[in-house]
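Analysis of the macromolecular model
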Amino acid sequence: MKFRFKTLASAAALLLATVSTSFAAGTIKIGGLFAVTGPPAFLGEPERNTAKMVVDNINKAGGIKGQKVELVVYDTAGDATKAVQMATKLIKDDKVVAIIGPSTTGETMAVIPVVEKEKIPLISCAAGSKITDPVKPYVFKTAQNDSLAVTKIYEYLQQHKQNKVAILTVSDGFGASGREQLKALAGKHGMQIVVDDTYGPKDTDMTSQLTKIRGSQAQALIVWGTNPGPAVIAKNAKQLGLKMPLFMSHGVSSKKFISLAGDAAEGIKLPSGKVIVSDVLPKNDPQKSALLTYVKDYQSHYKVEGDHFGGHAWDGVMLVKTAIEKGGATPEGIRNALEGIKDFHGIGGTFNFSANDHAGLTKDAFIMVEIRNKDWVIAK
Amino acid sequence: MELSHQLLQYLLSGLSTGAIYALIGIGFSIIYNATGIINFAQGEFVMLGGMMTLFLLEALHLPLWAAVPLAVCIVTLVGLGFERLAIRPLRNASPISLVIITIGGAILIRGLAMLIWDKDTHAIPPFSGDEPIMLAGATLLPQHLWILGITVVLISLNKWFFNHTISGKAMRACSYNPRAAGLVGVDVRRMVLLSFMISAAMGSLAGIIVAPLTMTAYDVGIMLGLKGFCAAIIGGMSSGLSTVIGGLILGVLESMGAGLISSGYKDAIAFIILLLILFIRPQGLFGKPESERV
């Protein structure tokens, strides 16, 4: 019996020792859920790359208050079921203090009940406004709400005295949410939607819809979708000689769109995060320094241009870092500190979180850009 | 704008999309007639055509006139390899097993394409500029003319091949009765191989000529393959004119449907037609129940 007690005691001591060393080593574990493969890979890949890069940079600079950060990333493949499994794994097995991601609205909505139950802060990289409306205690997001992009386009149209619009939205989650906001906000800005049409995410010819729009009273066409659909639409519009100005959503604000649409992209305007025009932003823009740093880092790490989407993960990691510095490396501390963050100049915009606002951005997060000579310029 | 102009535009858009469906559909029919199986990897040949051309253009910097034939040749070899590796070793399997194998092959090809290239969508430059051509109130791109022209040439070549060459006639013989064809000295296995090669070549060319308009990615084969399959069903699995007409009907109905009713029903239209034909006229729109399938 004595012997057994001894072994037990030493085992316990050993266990305690390992636990305390792991605390002494002081790694803060942050989880990442990104759709690195699957249809939304265009979101997840830059997000994962960015998150890794930012965490590396933090560690190189000595970590957060002397503690190293470890990023545990899982690929959700854009699948909500997988996202839930991976979120549970991050919380139960990896014991992370906060989660960045998932990449899409659908996945985020599926993960919310898990993080709310386990009380782990989640900073989603998806755009859907329902993620933070109504506010859930542990759920934040960094991607700009669709409604902000819609407001930006409508205000631009108002300034240019146009009020009859045609909308052409893709029949997936992104398009449906855009369509909802376009319709909901039209009245407020005196807009009249004269044609409301959709196209499938895999459609390869939209001349039928555009012919119908060409025959309507519309003064401008707003297209809501992610590549490649909008590029096909731009080409079809050029083919049909569509005269009305073409507006796109922030879903295509990457160089990829310009390379897909080619000459047909000329003159297209869209609301975008400021990252793609960081070099031509006015000097007094509060985000300018963060944007330039991000673009430079991403370019030197991955040899491709950093985009808008990776920026959501940049904001996510940096917000968590700021929150840990203020509130300590516990889920509860991070959550409380996040809610108090003000004037955080990130990539997606200037964040001001509060107890009633877990999205934190205003329409100034977007800027209207125009495509000229295969590059972005600030639209006048 | 007048309705007649709109209708003409729908018609023209529909015809060029339909021409692509027709080419893919004929690929289905040729293999079906030679082997009795539906090759669901047909759409992947279409994808490979586009992606291979892109690869030759961008990575090897070949000019377009060299990249296109080379891409067709490479995909034809893939068709050959597919038959050798996936179909021939199981010649005695039932058609249903072979059909399932083609589905597996399709998934494999798609996955490899994703790994070798990437997940992005890519654009191929148009063959001869992109200045729209006005035609009685409707507009066309030069690429549309390429599509229609190449389709006409291919269909004619196909017709000539099956009616006027020994190999073509032998393939027809196999489609009537493989055993009898074998008895009179036709090498049935060679004909099966040939059918895969011809289908791969036609599919890849369809994928190449449509890519400047619709762009290409590793996963474009699924939808195009299904639409081509619809065209072949409407045409009663004939490798001749009725599949071409099937493809054109499908393209025009889709385009009219999207323009006049709602674009939400575009794909539904294709599949409703497919179901209706299978229920009501499984022999195809133009076939008599005991028609010859060539």
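Residues numbered from 1 in each chain as written. Chains lettered and ligands numbered in written order. Predicted model: local features only at pLDDT ≥ 70, side-chain atom pairs only at ≥ 80, totals over all residues.

**Observations regarding the overall build of chain A**
Just so we agree on the cut-off: Helical segments are the DSSP runs of H or I of at least four residues, strand segments are the runs of E of at least two, and each set is numbered from the N terminus. Buried residues are those with 20 or more other C-beta atoms within 10 Å of their own C-beta, exposed residues have 12 or fewer, and partly exposed residues lie in between; C-beta atoms are placed from the backbone. Throughout, a pair of residues is in contact if the C-beta atoms placed from their backbones lie within 7 Å.
Per the secondary structure count, chain A includes 12 helices and 14 strands. Oriented by its inertia axes, the alpha-carbon framework of chain A measures out at about 95 × 40 × 35 Å. Burial status across chain A gives 54% buried among its 380 residues. Considering only contacts within chain A whose residues lie at least 6 apart along the sequence, 67% involve residues at least 24 apart.

**So, the confidence of the model for chain A**
Test applied: The score called pLDDT rates the predictor's confidence residue by residue, from a low of 0 to a high of 100.
Put simply, chain A has an average pLDDT of 89, and 93% of its residues get 70 or more. Taken together, the stretch residues 14–24 of chain A has pLDDT below 50 and engages in zero contacts with residues farther than four places along the chain or on a different chain.

**With respect to the domain arrangement of chain A**
All names here are of chain A. Threshold: Start and end points for every domain follow an automatic or database-based domain assignment. Ten residue types, Ala, Val, Leu, Ile, Met, Phe, Trp, Tyr, Cys and Pro, are classed as nonpolar, four, Asp, Glu, Lys and Arg, as charged, and the remainder, Gly among them, as polar.
Segmentation of chain A into domains returns domain 1 (28–144 + 290–362) and domain 2 (147–272). Here domain 1 and domain 2 have C-alpha centroids that lie 29 Å from each other. Across the boundary between the two partners, domain 1 contributes 11 residues, which contact 11 residues of domain 2. Looking at the side of domain 1 that touches domain 2, its residues break down into two nonpolar, seven polar and two charged.

**Quick notes on helix H8 (residues 229–240) of chain A**
Residue and element names in this part refer to chain A. Where we set the bar: To estimate the expected span of a helix, count its residues, drop one, and scale the result by 1.5 Å.
For H8, which comprises 12 residues, the first-to-last C-alpha distance of 16 Å matches the rise-based estimate of 16 Å (1.5 Å per residue) to within 8%. Counting buried residues in H8 gives 12 out of 12 residues, a clear majority hidden from the surface. All of the buried residues along H8 are Gly 229, Pro 230, Ala 231, Val 232, Ile 233, Ala 234, Lys 235, Asn 236, Ala 237, Lys 238, Gln 239 and Leu 240. A positive backbone phi angle near 65° is found at Gly 241, which sits one or two residues after H8.

**As for the sheet that holds strand E4 (residues 122–124) of chain A**
Consider a sheet: its strands pair through backbone hydrogen bonds, and that pairing is either parallel or antiparallel. All names here are of chain A. In plain terms, the rule: Following DSSP output, two strands are said to pair if at least two bridges run between them. A fitted line through C-alpha atoms serves as each axis, taken over the contacting stretch for helices, and the angle formed by two N-to-C directions is quoted from 0 to 180°.
Here five strands make up an open sheet; going across it, the order is E2-E1-E3-E4-E5 and the pairing parallel. The outermost strands of the open sheet, each flanked by one partner alone, are strand E2 (68–75) and strand E5 (139–141). Across the sheet, the mean angle separating the axes of adjacent strands is 25° when strand polarity is ignored. The pairing of strand E1 (residues 27–34) with strand E3 (residues 98–100) spans three bridges and is classified as parallel. Along E3, the bridge assignment pairs Gly 31 with Ile 99.

**Concerning the interface of chain A and chain B**
Taken residue by residue, the interface counts 29 residues in chain A and 24 residues in chain B. No other element matches the six residues that helix H7 (residues 207–214) of chain A contributes to the side of chain A that touches chain B. A class-by-class count of the residues in the side of chain A that touches chain B yields seven nonpolar, 14 polar and eight charged.

**Here's the deal with helix H8 (residues 188–214) of chain B**
The end-to-end C-alpha distance of H8 of chain B is 38 Å, a good match for the 39 Å that 27 residues give at a rise of 1.5 Å each. The first or second residue beyond H8 of chain B is Met 215 of chain B, which carries a positive phi of 70°.

**Some words on the packing of H7 of chain A against H8 of chain A**
Residue and element names in this part refer to chain A. The line we're drawing: Here the word oblique covers every angle except those under 35 degrees (roughly parallel), over 145 (roughly antiparallel) and from 65 to 115 (roughly perpendicular). Crossing handedness follows the turn of the near helix against the far one: under a right angle anticlockwise gives a left-handed crossing, and clockwise gives a right-handed one.
Put simply, H7 and H8 touch, their axes get as near as 10 Å, and they point 50° apart. When the axes of H7 and H8 are compared, the pair comes out oblique. Relative to H8, the crossing made by H7 is right-handed. In contact with Thr 207, Leu 210, Thr 211 and Arg 214 of H7, H8 contributes Ile 233, Asn 236, Ala 237, Gln 239 and Leu 240. In terms of residue class, the contact of H7 with H8 is built from four nonpolar, four polar and one charged.

**Focus on unusual backbone geometry**
Residue and element names in this part refer to chain A. Between Gly 101 and the following residue, Pro 102, the backbone shows a cis peptide bond with an omega angle of -5°. Here Pro 102 is to be found in the loop between E3 and helix H4 (105–118). That bond from Asn 227 to Pro 228 is cis: its omega, 5°, falls within 30 degrees of zero. In this fold, Pro 228 is placed in the loop between strand E8 (220–224) and H8.

**Comments concerning the environment of Ser 156 of chain B**
By the secondary structure assignment, Ser 156 of chain B is in helix H5 (residues 142–164). The sequence separation of Ser 156 of chain B and Leu 241 of chain B amounts to 85 residues, and the corresponding C-alpha distance is 9.5 Å.

**Re the nonpolar core**
What counts, and what does not: Residues enter a nonpolar core if they are buried, belong to Ala, Val, Leu, Ile, Met, Phe, Trp, Tyr or Cys, and are joined to the set through C-beta atoms within 7 Å.
One finds Ile 99, Leu 221, Ile 222 and Val 320 of chain A together with Leu 23 of chain B to be the most contacted residues of the largest nonpolar core, which totals 202 residues. Ranked by residue count, the leading element in this core is H8 of chain B, at 15 residues. Viewed by domain, this core spans two of them, domain 1 (28–144 + 290–362) and domain 2 (147–272) of chain A, each represented by three or more residues. Setting aside residues up to four positions removed in sequence, Leu 23 of chain B forms contacts with Thr 151, Leu 154, Met 202, Leu 205 and Ala 206 of chain B.

**Quick notes on the pairing of strand E14 (residues 375–378) of chain A**
Residue and element names in this part refer to chain A. Alignment of strand E13 (residues 367–372) against E14, held across four bridges, turns out to be antiparallel. The residue bridging Arg 372 from the neighbouring strand is Asp 375, located in E14. Between E13 and the antiparallel strand that follows it, E14, lie two residues; Asn 373 among them carries a positive phi value of about 50°.

**Re the confidence of the model for chain B**
This prediction gives chain B a mean pLDDT of 89; 97% of its residues lie at or above 70. Within chain B, helix H2 (residues 42–58) of chain B carries the highest mean pLDDT (95), whereas strand E1 (residues 133–135) of chain B carries the lowest (85).

**Details of the packing of helix H11 (residues 308–327) of chain A against helix H12 (residues 331–339) of chain A**
Two measures define how a pair of helices packs: the angle their axes make with one another and the distance between the axes. All names here are of chain A. Here H11 crosses H12 at 105°, and the two axes come no closer than 8 Å. Considering the angle they form, H11 stands roughly perpendicular to H12. For the pair formed by H11 and H12, the contact residues are Leu 319, Val 320, Ala 323, Ile 324, Lys 326 and Gly 327 on the first element and Gly 333, Ile 334, Asn 336, Ala 337 and Leu 338 on the second. Here the contact of H11 with H12 is built from residues that sort into seven nonpolar, three polar and one charged.

**Thoughts on the pairing of strand E6 (residues 164–170) of chain A**
All names here are of chain A. Counted residue by residue, E6 has six buried out of seven residues, so it is predominantly covered. Sheet topology places E6 next to strand E7 (residues 192–199); seven bridges connect them, and they run parallel. Paired with Thr 169 across the strands is Thr 198, a residue of E7. As paired elements, E6 and E8 share five bridges and run parallel to each other. The partner of Ala 166 across the bridge, within E8, is Leu 221.

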